[in-house]
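Now for the letters of each chain:
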Amino acid sequence: MSQALVRIAAGWLLGLMLAVAGAIVAINVVNNTVASPQQPVREYLDALKSGDGGRALGLLRAAVPPSNAAMLNGPGLQTAASRLSNVTLGDPEERPNNQVMVPLEYTIDGSRLHTEFLLQKTGTEWIFFNTWAFVPSRLPTVDITVVNGNEAEVNGVPVNMPNGRNSFAVFYPGEYEASLDGQYFSAPATRATVTAKDAPVAPLNLLTQATDKLKSDIAAKVREFLDGCAAQAVKEQKLQPDCPFYYASNNRVQDGSIRWTVTKYPNVSVEPFDGRWVVAPLDGKAKVEALQQNAFTGAWYPLDEEVDFSFTTRLDVSGGTVKVTPMLSF
């Protein structure tokens, strides 16, 4: 064989070897990137960030427990995922039965947290490229309660709370915040971080309180009632009117001289009691003025007395309507 043919053959052989080496490198690159076990995790995290719960659930291959699904799609899901920062996807670690664990590290509220995803090899594509899928699992849940309420917000999404409680299926990792910010009732926000399918999650308890708006509206109605009652007592010229306040006297009082005024209006306090909201007893002061005659001497002299009074009410709040019904006993 001539030297020229040898050189040509050697060139072809070198080219073939380089091509094979390049193909091997390319296969390894693909298997370590788009065909790696990390790729389904990347796609899953992207689905969470975009609020695409259907895609996330399909990728995770997770069963949904009996629960409320408000956090499995849309803004609630997006908010849960948006609270992750400094996200780092680690190298896969081999596990038995053709499985691998892909670690994920991230930060939520300043804390560095860790989640492990278990995946299994499901086959190959085009002979060389591996395919991976999550090992089937079950979504975790977050339980929420609210004192004397039937509604709340979770990650900014209004949700129903039948009998003051509900359970929400959630994706992980993510953070879920429950709150109540109503016109008449509110509760400070409380948060739960979910890091894994089987990580224990403490229930979120919303400690509902009456807002200043509710107490102000109740106080206005109480004030209206007391002022109306005092005006009616003056109109009827009664020392013992059908009001929370009264004055007992054996002296004769000149007709037309009786005047009632409320001098101290009650402070309003609203508290939960036995599954409902109640107004604490209302204490105040009223002043009666009149001209009275001494029963023994017959002398006329002014009556000017301040009396304490106390009464209870029944509170009914429906939507944006507040009803306060005085409960008087005579």
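Residues numbered from 1 in each chain as written. Predicted model: local features only at pLDDT ≥ 70, side-chain atom pairs only at ≥ 80, totals over all residues. Heavy atoms only, no water.

A. Summary view of the overall build of the protein. When you go through the protein residue by residue, the secondary structure sums to five helices and 22 strands. The burial tally for the protein puts 38% of its 330 residues in the buried class. Summarising the internal contacts of the protein: among those between residues at least 6 apart in sequence, 55% fall at separations of at least 24. A total accessible area of about 18,500 Å² is found for the protein, and carbon and sulfur atoms account for 52% of it. (Helix = DSSP H or I, 4+ residues; strand = E, 2+ residues; numbered from the N terminus. Buried < 20%, exposed > 50% of the residue type's maximum accessible area, 1.4 Å probe, protein only. Contact = heavy atoms within 4.5 Å. Areas by Shrake-Rupley, 256 points an atom, 1.4 Å probe, with all protein chains shown as cover.)

B. Expanded view of unusual backbone geometry. Here tyrosine 172 and proline 173 are connected by a cis peptide whose omega angle stands at -5 degrees. Here proline 173 is to be found in the loop between strand 11 (165-169) and strand 12 (174-181). Even without being a glycine, asparagine 86 presents a positive backbone phi close to 50 degrees. Look at asparagine 86 and you get exposed, because its relative accessible area is 54%. Even without being glycine, aspartate 109 reaches a positive phi, approximately 50 degrees. Looking at the element boundaries, aspartate 109 is found in the loop between strand 4 (99-108) and strand 5 (111-125).

C. Quick look at the state of the cysteines. Across all of its chains, the model carries one disulfide by this definition. Shown here is the disulfide that connects cysteine 229 with cysteine 243, its sulfur atoms set 1.9 Å apart. When the S-S torsion is -110 degrees, as for the bridge of cysteine 229 with cysteine 243, the disulfide is left-handed. Taken as a pair, cysteine 229 in helix 5 (residues 212-236) and cysteine 243 in the loop between helix 5 and strand 16 (252-253) lie far apart in primary sequence, 14 residues in all. Across this residue pair, the class does not change: cysteine 229 and cysteine 243 are buried. (Disulfide = S-S within 2.5 Å.)

D. The pairing of strand 22 (residues 321-327), seen in detail. Sheet topology note: the strand 21 (residues 300-318)/strand 22 ladder contains seven bridges and is antiparallel. Opposite valine 317, over in strand 22, you have valine 322 as the bridge partner. Where strand 21 hands over to strand 22, the hairpin turn is made up of two residues, of which glycine 319 adopts a positive phi near 60 degrees. (Pairing = 2+ DSSP bridges.)

E. Main features of the side chain of aspartate 217. Tracing the backbone shows aspartate 217 in helix 5. We classify aspartate 217 as buried; its relative accessible area is 18%. A polar contact of 2.8 Å, which involves the side chain of aspartate 217, links it to the side chain of tyrosine 184. (Polar contact = N/O pair within 3.5 Å; in protein donor to acceptor, adjacent residues only side chain to side chain.)

F. Just the sheet that holds strand 8 (residues 141-146), in detail. Read from one edge of the open sheet, three strands run 11-8-14, paired in mixed fashion. Strands with a single pairing partner mark the edges of an open sheet, and in this sheet they are strand 11 and strand 14 (204-206). Each strand of the sheet is rotated relative to its neighbour by a mean of 20 degrees, with strand direction disregarded. Alignment of strand 8 against strand 14, held across three bridges, turns out to be parallel. Counted as the bridge partner of valine 146 is leucine 206 from strand 14. (Axes fitted to C-alpha atoms, helices over the stretch in contact; angles between N-to-C directions.)

G. Broad picture of the pairing of strand 21. Bridge count for strand 20 (residues 282-293) against strand 21 is twelve bridges, and the pairing is antiparallel. Pairing of glutamine 292 across the sheet is with tyrosine 301, part of strand 21.

H. Fine view of the nonpolar core. Core analysis: the largest hydrophobic core is formed by 78 residues, its most contacted members being Tyr44, Ile144, Phe171, Ile218, Phe245, Trp260 and Val270. The element best represented in this core is helix 5, accounting for seven residues. Apart from the residues lying within four places of it in its own chain, the contact partners of valine 270 are Ala210, Leu214, Lys215, Ile218, Trp277, Val278, Val279 and Leu315. (Core = buried A, V, L, I, M, F, W, Y, C linked by side-chain atoms within 4.5 Å.)

I. Summary view of the environment of glutamate 175. Checked against the element boundaries, glutamate 175 lands in strand 12. For glutamate 175, a relative accessible area of 2% corresponds to the buried category. When the C-alpha positions of glutamate 175 and threonine 79 are compared, they lie 7.9 Å apart, and in sequence the two are 96 residues distant. Engagement of the side chain of glutamate 175 in a polar contact is seen with the side chain of arginine 191, the distance being 3.2 Å.

J. Representation of the pattern of salt bridges. Applying the stated criterion to the full structure yields twelve salt bridges. A salt bridge links arginine 191 to aspartate 109; the nearest nitrogen and oxygen atoms lie 3.2 Å apart. With arginine 191 in strand 13 (residues 185-194) and aspartate 109 in the loop between strand 4 and strand 5, the pair connects residues that are 82 residues apart, well separated along the chain. According to the relative accessible area criterion, arginine 191 is partly exposed, its value standing at 41%. Several salt bridges converge on common partners, so that one network encompasses Arg83, Asp109, Glu175, Glu177 and Arg191. (Salt bridge = Lys/Arg side-chain N within 4 Å of Asp/Glu carboxyl O.)

K. Looking closely at the packing of aromatic side chains. Considering all chains together, one arrives at ten aromatic pairs under this definition. Their ring planes at 65 degrees and their centres at 5.7 Å tell us that phenylalanine 245 and phenylalanine 309 sit as a pair that is edge-to-face. Remark: phenylalanine 309 occurs in strand 21 and phenylalanine 245 occurs in the loop between helix 5 and strand 16; sequence separation between them is 64 residues. Site record: aromatic cluster; members linked through ring pairs are Tyr44, Phe117, Phe134, Phe171 and Tyr172. (Phe/Tyr/Trp six-rings, centres within 6.5 Å; stacked < 30°, edge-to-face > 60°.)

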